[in-house]
Amino acid sequence: MGRGRAKAKQIKVARKLKYYSPDTDLNRLQQELGAESQKSGSSDPYDDEPDYSDYADKYNVDDEDEFGNYSQRES
């Protein structure tokens, strides 16, 4: 029976969280998150990854024939 006061408090807190938007200092947030500015000319974050194209050529297997034959046998 005493839930009315608790529910009203929850609604008040929810509305405050929903509609209150403090001024956000985006520069300070960026510093806190540890983001670094782009100093180099490269904008691609994946430039440091090794080249896997040799492995792709070596291990590339055409599986369409295997699955095609399997599905035809089951039919």
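These numbers were taken from a predicted model, which means no experiment stands behind them. (Residues numbered from 1 in each chain as written. Predicted model: local features only at pLDDT ≥ 70, side-chain atom pairs only at ≥ 80, totals over all residues. Heavy atoms only, no water.)

## Overview of the pattern of salt bridges
Overall, the coordinates contain 1 salt bridge when judged by the stated rule. A salt bridge links Glu32 to Arg28, with the nearest nitrogen and oxygen atoms 3.5 Å apart. With Glu32 and Arg28 both in helix H2 (residues 26-32) and 4 residues apart, the pair spans about one turn of that helix. A relative accessible area of 54% means that Glu32 is categorised as exposed. (Salt bridge = Lys/Arg side-chain N within 4 Å of Asp/Glu carboxyl O. Helix = DSSP H or I, 4+ residues; strand = E, 2+ residues; numbered from the N terminus. Buried < 20%, exposed > 50% of the residue type's maximum accessible area, 1.4 Å probe, protein only.)

## Focus on a nonpolar patch on the surface
On the surface, Leu26, Leu29 and Leu33 cluster together into a nonpolar patch covering about 330 Å² of accessible area. By the element assignment, Leu29 lies in helix H2. Relative accessible area serves as the criterion here: at 37%, Leu29 is assigned to the partly exposed category. (Patch = residues over 30% accessible without salt bridge, like charges linked within 9 Å, V, L, I, M, F, W, Y side chains within 5 Å. Areas by Shrake-Rupley, 256 points an atom, 1.4 Å probe, with all protein chains shown as cover.)

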